[in-house]
Each structure stands twice: as C-alpha cells, then as structure tokens.
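Residues per chain are reported as follows:
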Amino acid sequence: MIATRDAYGEILVELGRENPNIVVLDADLSSSTKTEKFAKAFPERFFNVGIAEANMMGIAAGLARSGKIPFVSTFAVFATGRAYDQIRQSIAYPRFNVKIVASHGGLSVGPDGASHQALEDVALMRAIPGMVVIVPCDAHETKEAIKAALRHDGPVYVRLGREKVPSVLPDDATFEIGKGLILWPDKRREDLISSVSRGEPKESAHLFDVAFVASGIMVKPALDAARILGQEGKTCLVADFASIKPLDEELLVAIAKNSRLVVTCEEHSIIGGLGSAVCETLAENYPRPVLRVGVRDEFGQSGSAQELLDAYGLTAEGIVETARKGLSKV
Amino acid sequence: MLSEPQKDEALICEIETRARALRRHIIEMVGKAGSGHPGGSLSSSDILATLYFGGFLRLKPEDPLWPERDRFILSKGHAAPALYAALAERGFFGKDVLLTLREFGSILQGHPDCRKTPGVEVSTGSLGQGLSMGVGMALAGKLDGKGYRVWVLLGDGECQEGQVWEAAMAASHYRLDNLTAIVDHNHLQIDSRIEEVMSPEPIAQKFSAFGWEVFEANGHDIQNLVNVFRKAATVRGKPSAVIADTVKGRGVSFMENQKEWHGKAPKGEELERALKELSGDHLR
Ligand SMILES: Cc1ncc(C[n+]2csc(CCOP(=O)(O)OP(=O)(O)O)c2C)c(N)n1
Ligand SMILES: [Mg+2]
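Residues numbered from 1 in each chain as written. Chains lettered and ligands numbered in written order. Predicted model: local features only at pLDDT ≥ 70, side-chain atom pairs only at ≥ 80, totals over all residues. Heavy atoms only, no water.

**Q** Quick question: what am I supposed to make of the site of ligand 1 here?
**A** In the vicinity of ligand 1, 23 residues are found, and the nearest of them are A:E53, B:K76, B:H78, B:D156 and B:K248. Mapping the residues near ligand 1 onto chains gives chains A and B. Between ligand 1 and B:K76 there is a distance of 2.7 Å, counted from an oxygen atom to a side-chain nitrogen or oxygen. Starting from 590 Å² of accessible surface for ligand 1 in isolation, the protein chains cover 99%. For the shell around ligand 1, the per-class residue count stands at six nonpolar, 10 polar and seven charged. (Near = heavy atom within 4 Å. Polar contact = N/O pair within 3.5 Å; in protein donor to acceptor, adjacent residues only side chain to side chain. Areas by Shrake-Rupley, 256 points an atom, 1.4 Å probe, with all protein chains shown as cover. Nonpolar A, V, L, I, M, F, W, Y, C, P; charged D, E, K, R; others polar.)

**Q** What's the story with helix α12 (residues 274–285) of chain A in this structure? I'm lost.
**A** Three- or four-residue spacings in an α-helix give side chains the same orientation, since the helix completes a turn every 3.6 residues. In a regular helix each residue adds 1.5 Å, so 12 residues correspond to 16 Å; α12(A) covers 16 Å between its end C-alpha atoms and thus fits that length. Buried residues along α12(A) sit in contact with α7 (121–126), β10 (208–214), β12 (243–245), α11 (249–257), β13 (259–269) and β14 (290–295) of chain A. (Helix = DSSP H or I, 4+ residues; strand = E, 2+ residues; numbered from the N terminus. Expected span 1.5 Å × (residues − 1). Contact = heavy atoms within 4.5 Å.)

**Q** Please clarify how the pairing of strand β2 (residues 150–155) of chain B should be interpreted in this entry.
**A** On a regular strand, one side chain projects to one face of the sheet and the next to the other, so that they alternate. Residues and elements named next belong to chain B. Burial within β2 is extensive, with six of its six residues counted as buried. Here β2 shows two buried faces, one formed by V150, V152 and L154 and the other by W151, L153 and G155. Taken together, the four bridges between strand β1 (residues 71–74) and β2 define a ladder with parallel strand orientation. Pairing of L74 across the sheet is with L153, part of β2. This β-α-β element, β2 to helix α6 (residues 162–173) to strand β3 (residues 179–185), shows right-handed connectivity. (Buried < 20%, exposed > 50% of the residue type's maximum accessible area, 1.4 Å probe, protein only. Pairing = 2+ DSSP bridges. Right-handed = clockwise from strand over helix to strand, strands pointing away.)

Rendered as structure tokens:
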C-alpha cells in the first residue's frame with residue numbers, strides 16, 4: 001500500500017536528477033504533497049512561495065516561458081479552485097509547459113471535511129482548452145503518468161490522493177496520455193478495437209453485461225464489483241481511464257459496442273468528470289445506457305476516508321447496486 | 001458597587017478561566033478526533049477567550065442569527081477547535097458535542113461550516129478569504145446603519161495570501177471603522193518559520209500603509225488584549241488591525257514553538273501529559 005502522492009515525491013527526485021530544467025513549486029504544503037523530497041535533493045530548484053496559490057501559478061508560468069519545466073503542487077481544491085483564473089489565463093491560454101500535480105483529491109481526504117475535499121477539480125481542469133487531465137489509480141500508474149506528463153509539451157493536471165492505496169496495475173503496465181487500459185478480462189486494448197472493426201460481436205449474446213469505466217481509487221472497487229457480479233453469472237469488463245482528457249474515445253466506443261450497460265466510477269462529482277466525459281462521447285458516437293457512480297451534486301464532510309466512501313456509495317457494493325439497477329432496465 | 005479597576009480584575013480573571021477551559025477542550029477534542037490542528041488553536045485561545053468573554057461580542061446563543069449581533073470570522077479556519085470550544089463555553093451548543101469533532105455526521109466539521117454549526121459566521125478553511133467576507137459584512141453594517149462590529153482572526157502565514165491585501169485595500173477605501181482584523185502572530189506556518197518560507201513582514205507597517213490604524217499586543221496577556229481591543233473598537237474613520245504576538249502551541253510545553261504540532265493530534269502519553277499540564281493552575 002502506497003499513497004499516489006508518495007509515488008509522486010519519489011519519481012520527482014528521479015526525474016529531477018535526469019532533467020536539470022525541472023523546477024518545483026509548492027504553497028506551504030510540501031510535507032503533504034511530498035515535494036519535500038525534491039526540495040531536499042535540489043534545494044536550488046525548489047520554490048516554496050508561501051500560502052499564495054494564485055501567485056504560484058503566475059510564477060510557474062513565467063518560469064515555463066523561460067524554458068523551465070515547473071511542477072506545481074498543492075491540494076487539489078486550492079490548485080484548481082483558488083488559482084483557476086491564473087491557470088486559465090497565465091498557463092493554459094499561452095500553452096505554457098506547466099505540470100500541475102495536486103494531492104488530496106476527492107472525499108478520501110477524510111476528517112478535514114468539505115473545504116478540503118476537491119470534487120470538482122477534474123471538471124474545472126477538463127473545461128480548460130488544451131489541458132491534459134490524468135487521475136492515476138495507484139503508485140505505479142502515478143509514476144508512469146508523471147513521466148508521460150514530462151514528455152508531453154503543454155499544460156497537464158494530475159490528481160493524486162492522500163490515502164495509501166493498494167497497487168492495482170502490474171509492474172510492467174504502461175501509461176500513455178489518451179489511452180485507456182482494459183484490466184478485466186485479460187484482453188488488449190488494440191484487440192478489442194480491431195475486433196469491433198471486424199464487425200464483432202456478431203450476436204447480442206456475446207455482449208458483456210456490464211462494462212465498468214473507472215479512474216483513480218475507484219478502479220479497485222470496480223474490479224471487486226466485477227468479481228461479485230461474476231459470481232452471479234454476469235459477465236463484466238473493467239477499464240482504467242486514468243487519462244480523462246484526452247479520453248480514449250476509440251476504446252470507449254469499442255467497449256460500448258461490446259456491452260449492454262456502461263457504469264462509470266469516479267471519486268468526483270458526477271457533474272463534469274469522467275462520467276460526464278463518457279456520456280458526452282457515447283451520446284455522439286454510440287449511444288448506450290450509462291449510469292454514473294460518483295458524488296451527486298453535494299459537498300463532502302468530515303469522517304474517515306472509509307466512512308465517507310461508504311456513505312457516498314463509492315464502494316464495490318455501491319457499484320454493484322448501481323449495475324444491478326441498470327441491468328434490470330436494459 | 002465595584003470600581004472600574006475592580007470590575008476589570010474580575011473580568012480578566014473570568015477570561016483567564018475561560019482560556020484555560022478552551023485549551024483543555026482543544027486538546028481533548030483533537031486527541032479524541034485523532035487529527036486536527038492544536039498549534040494554531042492554542043496560540044489563538046487567549047484572543048478568542050478575550051473576544052467571547054471580554055464583552056467584545058454581543059451575541060444571543062439562543063438566536064445565533066440575531067441581526068444586531070457582532071460578527072467573528074475565523075479566517076484561519078484550521079483553528080476550528082478553538083472556535084468550537086468558545087462557542088460551547090458561550091452556550092451555542094452543549095460541551096458534550098465538542099468530542100464529536102471531525103466525526104462523520106457531526107455538526108463540528110474539520111473546518112468551520114456555517115451551515116452546520118450555530119454561531120459560526122462563515123465557512124472557512126481555504127486560507128486568505130475571511131477578511132474579504134469581513135469587509136462585506138462591515139460594509140453591509142454601514143449600509144444598514146447597524147451598530148455591530150466585525151472581528152476577523154487571521155494567521156500570520158495566511159497574510160501571504162494576496163487576497164488578504166486586496167481586502168485590506170477595500171476596507172480602508174470604504175472606511176470600515178466597524179472592522180477589526182487580528183493577526184495571530186505566532187511566527188510559524190506548516191513548513192517552517194514564516195520568515196523563512198516567505199516573509200510577510202513587516203505586517204504592522206503593511207496594514208498601516210494600506211490605511212489601517214494598527215495596534216500591537218501581547219496575544220497571551222489578557223489585560224493587554226482587553227485594552228487593545230477596546231482601543232481598536234474606538235477608532236473612527238478607518239479599519240483597525242491588532243498584531244498579536246503569540247506562541248504557537250501555547251500552554252502545552254512540548255507543543256510550544258514546534259511546527260510539528262501544527263496539524264498533529266497528541267496520542268496516548270502525549271495526550272495525558274498535555275492535559276495534565278493544562279489542568280489547574282499549572283499554566284503560566
Ligand atoms: C488556501 C490554502 N492553502 C493552503 C492551506 C493549507 N494550510 C492549512 S494551515 C496552513 C498554515 C497556516 O499558517 P498560519 O496562517 O500562520 O496559521 P497558524 O500558524 O496560526 O496555524 C496551511 C498552509 C489552506 N488551508 N488554505
Ligand atoms: Mg502562524
């Protein structure tokens with residue numbers, strides 16, 4: 001079990017060693033975002049700007065304009081909420097090469113409560129033209145996503161979590177911006193896409209009952225939900241869509257063509273996040289019933305991470321229930 | 001009839017008793033919750049006790065939204081335990097509720113939530129926003145010809161937020177003499193000393209340059225706080241600021257001036273030691 005923010009702290013030091021252009025900025029949360037590791041290793045390339053997120057985004061923009069590659073970190077609520085306009089105007093509009101890596105996304109922040117639980121950050125960042133949005137599910141995917149963000153020339157938003165999470169992906173799993181991964185059953189993305197282009201599946205009997213499209217810490221419960229439904233004789237597919245923008249539309253449409261029902265799973269508001277993105281793509285390309293598991297137009301509150309995930313239905317049981325409801329109608 | 005100095009002496013004694021109670025509540029609450037922010041709650045305990053029990057906040061606990069009430073905004077929302085303790089001591093809700101801090105379903109959220117807790121004016125937690133809200137309330141007071149005063153407590157690290165200075169500019173522009181900002185000047189933020197991370201100094205001169213009447217106070221000397229708050233409340237034609245020199249973690253020896261205790265709950269033996277230090281008259 002390792003928190004995605006810890007994985008970020010580690011990979012940042014590795015990348016910093018290879019690439020002298022990387023600079024890191026934080027707003028008095030380096031011990032929480034784990035940029036403190038980079039600060040220790042490369043103090044001359046670390047800037048703690050104090051509690052001034054808006055100012056931090058502006059400084060990052062100036063650094064990027066001058067050839068640096070800034071990684072900017074704070075909590076997801078403050079990064080995307082407090083400094084939205086600065087991200088939009090100073091970073092995204094000029095397409096500056098700034099990587100915004102925010103920790104403490106979602107309800108699993110826990111006892112700090114609603115003011116610290118970002119549930120709209122993905123929606124905000126997704127709405128900005130040209131912004132890449134990534135929500136990794138475990139430590140391995142986080143490291144791969146950060147490397148991919150560095151390879152990409154342009155603004156990227158990566159959302160990380162506070163809690164330790166189990167590793168979900170195999171160690172050799174790759175990450176590419178704009179590509180999803182099929183985790184269950186054992187099938188390659190490319191094979192599913194090419195089978196669809198050959199006109200398969202030919203009979204509706206060959207459709208999966210449910211396809212789960214998940215991101216972040218909801219990937220694991222989606223896999224568990226598939227197992228539970230599998231024991232009831234239902235066939236399921238589970239895909240990890242860490243790259244929320246650009247979305248892997250090719251894979252998504254192939255999945256929809258192979259499934260009777262799509263269920264999205266995210267630790268985020270159902271307004272504007274992964275669920276919305278999936279609905280938008282399918283409505284235009286291949287309409288299929290979609291149900292969204294996520295937070296429903298509400299703020300979070302205090303509690304332990306587990307209590308909150310339970311209360312808001314962001315669990316394997318919650319996903320199973322939603323899938324059953326959907327299956328009774330399709 | 002008590003003479004003025006005698007009355008003051010009784011008042012100071014009452015405030016000191018409440019401040020001790022606040023500190024005990026804070027440690028018990030954060031200890032029970034297993035998370036929270038003791039350092040900045042303890043540094044502001046004397047300030048809060050003075051405001052809530054020194055006659056500076058006219059409030060009706062049975063009618064929390066009484067339109068004539070004075071307003072207090074905890075802009076440094078992470079010191080919520082200190083605010084909740086003061087509200088419970090003042091009778092807004094039972095003291096037994098305090099131990100539900102940060103629990104699922106509690107009215108006492110990790111950071112102040114005015115929709116859930118009676119007596120909490122605005123929701124805070126995202127630093128730098130309280131003074132702007134205070135400006136709005138003070139402006140409304142002027143527009144409505146009401147006599148209430150608005151008090152806003154800020155952290156010294158929080159003064160790094162640009163929005164604080166945007167609000168400072170507006171307050172003096174509108175001549176809000178019904179607004180007082182208090183800075184809990186404990187010299188620490190999360191990562192380090194404020195002077196090391198990003199110095200907001202000189203804070204007093206900055207407020208003064210923005211057109212505020214500025215006072216300095218010892219944030220742990222109740223008599224001094226009472227005197228200074230009284231003076232601040234009589235300033236006319238401009239807003240007033242009180243820069244209160246404090247010690248983060250004040251009252252628990254091993255938490256004093258230790259950045260580690262900004263946002264960490266005492267456990268087991270630490271908890272016992274802290275409560276022991278805060279019991280009775282041990283407090284300096
Ligand atoms: C906008 C914003 N950025 C970051 C944080 C995280 N945070 C909580 S407390 C704190 C340090 C506050 O320092 P200071 O204002 O000096 O408060 P005190 O020392 O009184 O606790 C930080 C950075 C926050 N709550 N809000
Ligand atoms: Mg401070």
